[in-house]
Amino acid sequence: MTKERVLSGMQSSGRLHLGNLVGALSNWVRLQDTYDCYYFIADWHSLTTGYADPSEIKGSTRDLLINFLAAGLDPEKCTIFIQSKVLQHSELHLLLSMITPLGWLERVPTYKEKQQELKDRDLSTYGFLGYPLLQTADIIIYRAKYVPVGIDQVPHLEISREITRRFNHLYKEIFPEPEALLTEFPKVVGTDGRKMSKSYDNAVYLSDSPEEVEHKIRTMVTDPARVKKTDAGNPELSPVYQLHKVFSSKQEQEQVAIGCRTAGIGCIECKKILIQNVFTVMEPIWEKRNDIIQHPEILQDVVEKGTEKARTVAEETMRLVREAMGLY
Ligand code: TRP
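Computed from a predicted model, the values in this text were never measured in an experiment.

Participant: Which residues make up the overall build of the protein, and what are the values?
Facilitator: Within the protein, the regular secondary structure consists of 14 helices and five strands. Scaling as 2.2 N^0.38, a compact globule of 328 residues should have a C-alpha radius of gyration of about 20 Å, and the protein matches this with 22 Å. In terms of principal-axis extent, the alpha carbons of the protein reach across some 75 × 40 × 40 Å. On the protein, roughly 16700 Å² of surface is accessible, and the fraction owed to carbon and sulfur atoms is 53%. Taking the average location of the 40 positive side-chain charges in the protein and that of its 45 negative ones, the two points are 2 Å from each other.

Here's what the structure looks like:
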């Protein structure tokens, strides 16, 4: 039986943190056993907002690749590649641009939202407007059925489906309509209690050393009402407890929650338990990261093979597309 195809990508802007691990990457790892998975690094997408300073893209791409492997993506089971190495994506993007009404792109809610959020950058560029179109090309060029993404990407998937329908209707039924594969993820807060994000400077990165991780958790804010150890606290107001919910056993969660309410456990002690559990998740990743960093040829090999395979599939699709659109 042939496995159904899954595709997903991550932008290479900044390092990967625990929120990305729990929210996306661990899910990718799970899916590789059941589906024919294609995972890639969307380095062109990083340019849509970061074109003015591309100095970090290469480094981020490399760090992402290391993390993909360190977190358990297995190149024997899934195809790992870099977007900018498969030029067919750009050809399909161009051809899709012929049939995509501007209004569709302008109406994608993230378009105006992101422009507002990044006011210091000039995002009145075609590339930024065309972000979801490039993303559509990324997906349908592999004729993928499912796209595991976070809820924030649903509007992008919606326009991908519309463009796919339009293509199939105008020319030929080549593409399946891609579907979002939404999974419920535990919310990972950062050291300040807000959502973990590199732009808030509150993230624990997979590339952090054990000392850095320990320091970040040790200095986390807790329930602000708990000044002294003898003050009772409310665990629900403490970001440390929110992280316990993600990384600690049910029993430990109960233990620290009761301890907090009754002033039976100090914040340092509570954090120590969390640090230990975060270490348990990160240790195998650190170990593999070190292996890979010491043997960079592993990385080279994975990317070359993955890219070659992706290219073959993408080129097959493009042959059908060129023919359907009347091109040589
Ligand atoms: N927009 C996605 C993100 O920022 C990255 C991405 C690019 C993507 N192309 C994709 C995700 C195709 C899924 C499928 O996370």
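Participant: Now, about the site of the ligand: what can you tell me, with residues and values included?
Facilitator: Taken together, 14 residues lie near the ligand, and His45, Tyr131, Gln135, Asp138 and Gln153 sit nearest. Gln153 is positioned with one of its side-chain polar atoms (N or O) 3.2 Å from a nitrogen atom of the ligand. Burial of the ligand by the protein amounts to 88% of the accessible area it has alone, namely 370 Å². Looking at the shell around the ligand, the elements with two or more residues in it are β1 (5-11), β2 (36-42) and α8 (131-140). Here the residues of the shell around the ligand sort into seven nonpolar, six polar and one charged.

Participant: So what about the packing of helix α10 (residues 210-218) against helix α13 (residues 267-294)? Which residues, and what values?
Facilitator: At their nearest, the axes of α10 and α13 sit 10 Å apart, and the two run at 150° to each other. Relative to α13, the element α10 lies roughly antiparallel. Note that α10 runs across α13; the crossing there is right-handed. Residues Pro210, Val213, Glu214, Ile217 and Arg218 of α10 lie in contact with α13, whose contacting residues are Ile268, Lys271, Lys272, Leu274, Ile275, Val278, Phe279, Met282 and Trp286.

Participant: Tell me about empty space enclosed by the protein, residues and numbers included.
Facilitator: Summed over all chains, the structure comprises one cavity of 30 Å³ or more. As a volume, the largest cavity reaches approximately 100 Å³. Lining of the largest cavity is provided by 13 residues; of these, Arg226, Ser238, Cys260, Cys267 and Cys270 occupy positions nearest its centre. Partitioned by chemical class, the residues of the lining of the largest cavity number eight nonpolar, three polar and two charged.

Participant: Before we move on, can you summarise the state of the cysteines with the specific residues and values?
Facilitator: Under the defined criterion, the tally for this structure stands at zero disulfides. Cys37 takes part in no disulfide bond, and the closest cysteine sulfur to it belongs to Cys78, at a distance of 6.4 Å.

Analysis parameters
Residues numbered from 1 in each chain as written. Predicted model: local features only at pLDDT ≥ 70, side-chain atom pairs only at ≥ 80, totals over all residues. Heavy atoms only, no water. Helix = DSSP H or I, 4+ residues; strand = E, 2+ residues; numbered from the N terminus. Rg over C-alpha atoms; globule rule 2.2 N^0.38 Å. Areas by Shrake-Rupley, 256 points an atom, 1.4 Å probe, with all protein chains shown as cover. Lys, Arg positive; Asp, Glu negative; His and termini not counted. Charge placed at Lys NZ, Arg CZ, Asp CG, Glu CD. Near = heavy atom within 4 Å. Polar contact = N/O pair within 3.5 Å; in protein donor to acceptor, adjacent residues only side chain to side chain. Nonpolar A, V, L, I, M, F, W, Y, C, P; charged D, E, K, R; others polar. Axes fitted to C-alpha atoms, helices over the stretch in contact; angles between N-to-C directions. Parallel < 35°, antiparallel > 145°, perpendicular 65-115°, else oblique. Left-handed = near helix turned anticlockwise from the far one by under 90°. Contact = heavy atoms within 4.5 Å. 1 Å grid on protein atoms, 1.4 Å probe; cavity = no way out; pocket = protein on both sides within 12 Å on 5 of 7 lines; lining within 4 Å. Points joined across faces, edges and corners; volume = space filled by probe spheres on them. Disulfide = S-S within 2.5 Å.

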